[in-house]
Amino acid sequence: MNIKEIIDTLSEEGYNPYLQERLGIIFNSINDNKGNPKVNSVSQIRIEREKIVIQYPLGQIPVEKEFTTIEELLKFVRQVFPL
């Protein structure tokens, strides 16, 4: 499991991942018809100790979830951020 694989998988699904290399964080979003991220569609994904961690806002509270595989992450992203 690596960051490039996560980015490629999200891109293939139609999401807009952007890697902030210096921080090692993927900013993932759904773009509107003008190419701007939709409100409440932005999340942060990082790898920590062999786990994939996604952080996303629930109202004004940041929530974190952990996954062990990219497939689990993708299933969650599809449910929380449907295209």
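Structural data are supplied above this passage.
Predicted model, so just to flag it, every value in this text is computed and none were measured.

## A few points about the overall build of the protein chain
No. 1: When helices and strands are tallied, the protein chain shows two helices and five strands.
No. 2: Relative to the 2.2 N^0.38 estimate, which gives 12 Å for 83 residues, the radius of gyration of the protein chain is 12 Å and therefore close to what a compact globule would have.
No. 3: Seen along its three principal axes, the alpha-carbon backbone of the protein chain occupies a region of about 35 × 25 × 25 Å.
No. 4: Residues classed as buried in the protein chain amount to 33% of the 83 residues present.
No. 5: Across the protein chain, the fraction of contacts at a sequence separation of at least 24, relative to all contacts at a separation of at least 6, is 28%.
No. 6: Approximately 5,600 Å² of the protein chain is accessible, and the part contributed by carbon and sulfur atoms is 48%.
No. 7: Both charge centroids of the protein chain, one from 10 positive and one from 12 negative side chains, sit 6 Å from each other.

## Some thoughts on the sheet that holds strand 2 (residues 25-28)
No. 1: If you walk across this open sheet you meet the five strands as 1-2-3-4-5, and the pairing is antiparallel. In this open sheet, the two strands that pair with only one neighbour each are strand 1 (18-20) and strand 5 (61-67). If you compare each strand with its neighbour and ignore which way they point, the axes differ by 25° on average.
No. 2: Bridge analysis of strand 2 against strand 3 (residues 43-48) gives three bridges, and the strand direction is antiparallel. Opposite isoleucine 26, over in strand 3, you have isoleucine 45 as the bridge partner.
No. 3: Each of strand 2, strand 3, strand 4 (51-58) and strand 5 touches helix 2 (residues 70-80); the most contacted strand, strand 4, lies at about 10° to it.

Parameters at a glance
Here the residue numbering is sequential within each chain, running from 1 through the sequence in written order. Only residues with pLDDT of at least 70 are given local features in this predicted model, and only at 80 or more are side-chain atom pairs given and counted; all residues enter the totals for whole chains, interfaces and linings. Think of the side-chain values as coming from all heavy atoms in the structure, minus any hydrogens and water. Elements are defined by DSSP. Helices are runs of H or I of four residues or more, strands are runs of E of two residues or more, and each kind is numbered from the N terminus. A radius of gyration in this sense is built from C-alpha atoms; the matching globule rule multiplies 2.2 Å by the number of residues raised to 0.38. Residue burial is assigned from relative accessible area. The probe radius is 1.4 Å, only protein chains are included, and a residue is buried under 20% of its type maximum, exposed over 50%, and partly exposed in between. By the convention used here, residues are in contact when the closest approach between their heavy atoms is within 4.5 Å. Only the protein chains shown count as cover for residues, and all accessible areas are computed by the Shrake-Rupley method using a 1.4 Å probe. His is not counted, nor are the chain ends; Lys and Arg add positive charge and Asp and Glu add negative charge. Positions of charges follow a simple convention, taking NZ of Lys, CZ of Arg, CG of Asp or CD of Glu. Think of it this way: DSSP has to see at least two bridges between two strands before they count as a pair. An axis is simply a line fitted to the C-alpha atoms; with a helix, the fit covers only the stretch in contact. Between two such axes, the angle follows the N-to-C directions and lies from 0 to 180 degrees.

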